[in-house]
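Commentary on secondary and tertiary structure
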Amino acid sequence: MTVPDLKTIQLLAEVPDGALPITPGSIEMTPEGVLGIAKPPKPCKLHFMADGLPFNIAVRHDGDGSICQIWADVGHVPFTAQAPDRRRTLLSLLRGIDGLKHVKFIVQGGQKIILFSESTLEHHAAPEDLFHQTILVLQEARPFLRLLGPYL
């Protein structure tokens, strides 16, 4: 067994989130026999712009796995009094966009159009997982966003 380095010892001495310095499950041993701090991953939220839309990513951890959600506010369905033809066309396009593997277009409250994706990972999400999920969502949604664009 090797002796922990100074940084590990300093981390062990820190008080985690106002709790006692050492709590059950706060120390782990690596396969090499080195002591370390067991820190569960924290949920995260990210924001980015793509194709002129603000996208959001939220990751929460569920046991040993993670749930990754990506969504964007696409626009609004116009009222019938505002633009009946645009409304009819937009709603028929949205009904036709069904059965996509990674993305759903949801009309919330009869007006607001949300692009939504949720994926479950069997491990804690890493940055590579978020990039992969984001690219899948954008690749699948982009043609439909361009199709819906003139009617929003």
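Here the structure is a predicted model, which is why all the values come from computation and not from measurement.

In terms of regular secondary structure, the protein chain is built from 3 helices and 7 strands. Scanning the protein chain from its N terminus toward the C terminus, one meets helices and strands in the order α-β-β-β-β-β-α-β-β-α. Intrachain contacts of the protein chain at a sequence separation of at least 6 include 54% that bridge at least 24 residues. For the protein chain, the computed accessible surface area is about 10,100 Å², with 59% contributed by carbon and sulfur atoms.

Despite not being glycine, Asp51 shows a phi value in the positive range, around 55 degrees. By the secondary structure assignment, Asp51 is in the loop between β3 (44-50) and β4 (53-62).

Here we take up the state of the cysteines. Scanning the entire structure with this criterion turns up 0 disulfides. In this model Cys44 remains outside any disulfide bridge; the closest cysteine sulfur is found in Cys68, 8.0 Å from its own. Accessibility expressed as a relative area gives 29% for Cys44, which makes it partly exposed.

Now for the pairing of strand β7 (residues 112-121). Where strand β5 (residues 65-76) and β7 come together, 10 bridges link them in antiparallel fashion. Bridging across to β7, Ile70 finds its partner in Ser117. In the sheet, strand β6 (residues 104-108) pairs with β7 via 5 bridges, with the strands oriented antiparallel. When the sheet's bridge partners are listed, Phe105 is paired in β7 with Leu115.

This part covers the side chain of Gln133. By secondary structure assignment, the location of Gln133 is in helix α3 (residues 127-148). With relative accessibility at 11%, the residue Gln133 sits in the buried group. For Gln133, the contacting residues outside a window of four places in its chain are Cys68, Ile70, Ser119 and Leu121.

Across 7 bridges, β3 lies against β4 in antiparallel orientation. Following the sheet pairing, Cys44 is matched in β4 by Val59. Here β3 hands over to β4 after 2 residues, with Asp51 in that stretch at a positive phi of 55 degrees.

Turning our attention to the side chain of Asn56. Along the chain, Asn56 falls in strand β4. A polar atom in the side chain of Asn56 sits 2.6 Å from the side chain of His47. Residue contacts for Asn56: discarding those within four places in its chain leaves Leu46, His47, Gln69, Ile70 and Trp71.

For α3, which comprises 22 residues, the first-to-last C-alpha distance of 30 Å matches the rise-based estimate of 32 Å (1.5 Å per residue) to within 8%. For α3, the complete set of buried residues consists of Asp129, Leu130, Gln133, Thr134, Val137, Leu138, Glu140, Ala141, Leu145 and Leu148.

Below, the discussion takes up the packing of aromatic side chains. Under the definition given, this model contains 1 aromatic pair. Plain terms: the ring middles of Phe48 and Phe55 are 5.1 Å apart, the flat faces sit at 10 degrees to each other, and that makes the pair stacked.

Conventions we followed
- Residues numbered from 1 in each chain as written.
- Predicted model: local features only at pLDDT ≥ 70, side-chain atom pairs only at ≥ 80, totals over all residues.
- Heavy atoms only, no water.
- Helix = DSSP H or I, 4+ residues; strand = E, 2+ residues; numbered from the N terminus.
- Contact = heavy atoms within 4.5 Å.
- Areas by Shrake-Rupley, 256 points an atom, 1.4 Å probe, with all protein chains shown as cover.
- Disulfide = S-S within 2.5 Å.
- Buried < 20%, exposed > 50% of the residue type's maximum accessible area, 1.4 Å probe, protein only.
- Pairing = 2+ DSSP bridges.
- Polar contact = N/O pair within 3.5 Å; in protein donor to acceptor, adjacent residues only side chain to side chain.
- Expected span 1.5 Å × (residues − 1).
- Phe/Tyr/Trp six-rings, centres within 6.5 Å; stacked < 30°, edge-to-face > 60°.

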